[in-house]
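# Observations on the three-dimensional arrangement
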Amino acid sequence: MSLTDPPVTQQDQPQGPRVLFFDTTLRDGEQSPGCTMHAAEKLRMAHQIASLGVDILEAGFAIASEGDRDSIRTIAREVRGPIIASLARCKREDIEAAAHSIEPAPRGRIHTFLSTSDLHLAAKLQITREQALDQIAEMVALARTYAEDVEFSPEDATRTDRDFLIKVCEVAIEAGATTLNLPDTVGYCIPQDYAQMFLDVRARIPRIDAEGIVLSAHCHDDLGLAVANTLAAIEAGVRLAECAINGIGERAGNASLEELAAIFTTRRDKLPYSHNIVMSKLYPTSQMLAECITFGAAPNKAIVGANAFAHAAGIHQHGVMVNPLTYEIMTPESVGVAHNSLVLGKHSGRRALEQRYVELGQTLTRPELDTIYHRFTELADRKKTIYDQDLLTLLKPQPKVSALA
Ligand code: MN
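Structure report, in brief. Within every chain, residues take consecutive numbers counted from 1 along the sequence as written. Where local features are concerned, this predicted model is filtered to residues with pLDDT of at least 70; where side-chain atom pairs are given and counted, the filter is 80 or more; whole-chain, interface and lining totals use all residues. Values shown for side chains rest on all heavy atoms present in the structure; no hydrogens or waters enter the calculation.

## As for the environment of Asn276
A run of H or I in DSSP counts as a helix once it spans at least four residues, and a run of E counts as a strand once it spans at least two, with each numbered from the N terminus. Checked against the element boundaries, Asn276 lands in the loop between α11 (257–266) and α12 (282–292). Each residue's exposure class comes from its accessible area (1.4 Å probe, protein chains only) as a fraction of the maximum for that residue type: buried when under 20%, exposed when over 50%, partly exposed otherwise. In this structure Asn276 comes out as partly exposed when scored by relative accessible area, which is 41%. Considered as a pair, Asn276 and Arg18 are 258 residues apart in the sequence and their alpha carbons are 8.5 Å apart. Here, residues are in contact when the closest pair of their heavy atoms is within 4.5 Å. Those residues in contact with Asn276 that lie beyond four places of it in its chain are Arg18, Leu52, Gly53 and Asp55. Counting of polar contacts relies on pairs of N or O atoms within 3.5 Å, with two restrictions inside protein: one atom must be capable of donating a hydrogen and the other of accepting it, and residues adjacent in sequence are counted only when both atoms are side-chain atoms. From its side chain, Asn276 meets the backbone oxygen of Gly53 in a polar contact 3.3 Å long.

What follows is the structure, given as structure tokens:
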């Protein structure tokens, strides 16, 4: 498709293999700074993430705390749709805690992991490669006594000696792992490295393809490549993408769920993978997460940032008014951003502002409206068009007005 072609409808698009979405917002995301959630917030997010259509929801790390254990168990009991997963180190007490926490779920998964790079084996675990293999065999087999569905992750897979990684994968499969997740734990890979690792593993372990063992990607964004690496892995035969809402997670975060879903939907011509994500729920889910943790998406964040669809430059605005396709590769509505029925600007009055907030589901008291109106006029002095996202941002505590610029 060239950029001048008319947009193609979804029916015209090729339908390729299904990619499974594994959401780790409540595990890898929740364990990162500023992202701690209470049990009620986790349950609320879990319901929302389930309604978004993810295939697997990693609800937490059962052994980490009693609170985690209880909240995974509540999610397993109350949230329907996705497979509910709990993380566990390759330790008996971890696996038992994980097994207990997912018990109420109709479909549960134990996700167990052990570091396999020489650096991690020596510095972190102080065990030999042989001891690691024994531990993996024993603990994956133990997990299988509790669950049909067991995922194994060799932590730091991308820095693990390749021959040893192959051995690790063979041992995990032999012990009963049904999904093999090869994480780029430290976010060091570039796309061709990451893809090559999966091609090697598939070529050297034919039973992966023959027996339908699911390969999974888990990428961190330390070099800003988490989404690119995940895509490269999928092109190399991976069928499961681990990701998080707003890309939250350890350090620079995980691959962003909304970016992956938007890429598969917008560029189905080149990446014809089907998925189960309900696109119109992306933005509301991103907003809900921002309410539960201490930060939202950066304003310039793809898909869900406040400026993702804001056309500020005059020449862009003119183009978008004539035909949105001039600068929009997808519509804000398609990812669930509320439709702009009325453009607010610095000449808009309090009544119009109040009315728009009502449309956005926010009822303001008179003093609140006065405060927000003041912020609104300041913002309108700097920004030609005020979008609904801007208005929702104005409702949040504003430590410095200059942050809005
Ligand atoms: Mn991680």
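## Focus on the packing of helix α15 (residues 366–382) against helix α16 (residues 388–395)
The geometry of a pair of packed helices is captured by two quantities: the angle between their axes and the separation between those axes. Between α15 and α16, whose axes approach to 10 Å, the crossing angle comes to 130°. With respect to each other, α15 and α16 are oriented oblique. Between α15 and α16 the crossing geometry is right-handed. The residues of α16 that touch α15, namely those facing Ile372, Arg375, Phe376 and Leu379, are Asp390, Leu391, Leu394 and Leu395. Residues are sorted three ways: Asp, Glu, Lys and Arg are charged, Ala, Val, Leu, Ile, Met, Phe, Trp, Tyr, Cys and Pro are nonpolar, and all the rest, Gly among them, are polar. Along the lines of polarity and charge, the residues of the contact of α15 with α16 split into six nonpolar, no polar and two charged. What counts as an axis is a line fitted to C-alpha atoms, over the stretch in contact for a helix, and the angles between N-to-C directions run from 0 to 180 degrees. When an angle is under 35 degrees it counts as roughly parallel; over 145 it counts as roughly antiparallel; between 65 and 115 it counts as roughly perpendicular; any other value is oblique. Put simply, a crossing is left-handed when the front helix is turned counterclockwise from the back one by less than a right angle, and right-handed when it is turned clockwise.

## Some points on the side chain of Thr179
Here Thr179 shows up in strand β6 (residues 179–184). Residue Thr179 is classed as buried on the basis of its relative accessible area, which comes to 3%. With residues up to four places along the chain from it excluded, the contact list for Thr179 reads Arg109, Val150, Glu151, Phe152, Val214, Ser216 and Leu240.

## Comments concerning the packing of aromatic side chains
Only Phe, Tyr and Trp rings are paired, with Trp represented by its six-membered ring, and only when their centres lie within 6.5 Å; those with planes under 30 degrees apart are stacked, over 60 edge-to-face, the remainder tilted. For the structure shown, the criterion picks out five aromatic pairs. Judged by centre distance (6.0 Å) and plane angle (35°), the rings of Tyr373 and Phe376 are tilted. Residue Tyr373 and its partner Phe376 are located together in helix α15, separated by three residues, close to a single helical turn. Comparing Tyr373 with Phe376, the two get one shared label, buried. Among the aromatic residues, ring-to-ring pairing joins Phe21, Phe264 and Tyr273 into one connected group.

## Here we look at the packing of helix α14 (residues 350–359) against α15
Where α14 contacts α15, the axes come no closer than 10 Å and their chain directions differ by 105°. The orientation of α14 with respect to α15, classified from their angle, is roughly perpendicular. Across from Arg350, Leu353, Glu354 and Tyr357 in α14, the residues of α15 making contact are Arg366, Leu369, Asp370, Ile372, Tyr373 and Phe376. Each residue belonging to the contact of α14 with α15 can be placed in one class, and the counts come to six nonpolar, no polar and four charged.

## Here we look at the coordination of the manganese ion
For Na, K and Ca the donor cutoff is 3.2 Å, while for all other metals N, O and S atoms must lie within 2.8 Å; water is not among the atoms, so some sites may look incomplete. In this structure, Asp28 (OD), His218 (NE2) and His220 (NE2) serve as the protein donors to the manganese ion, at separations of 2.0 to 2.2 Å. Along the chain, the residues that donate to the manganese ion are spaced as D-x189-H-x1-H. Looking at His218, the relative accessible area reads 5%, which means it is buried. On the accessibility criterion, His220 (4% relative accessible area) is buried.

## Points about the pattern of salt bridges
Basic side-chain nitrogens of Lys or Arg form a salt bridge, by our definition, when they fall within 4 Å of a carboxyl oxygen of Asp or Glu. Summed over all chains, the structure comprises 28 salt bridges. Put simply, Arg109 and Asp149 hold a salt bridge, and the shortest N to O gap is 2.7 Å. Of this pair, Arg109 sits in strand β4 (residues 108–115) while Asp149 sits in the loop between α6 (129–146) and β5 (150–155), and the two are 40 residues apart along the sequence. Take Arg109 and Asp149: they sit in the same class, and that class is buried. Here the salt bridges do not stand alone but share partners, grouping Arg27, Asp28 and Glu58 into one network.

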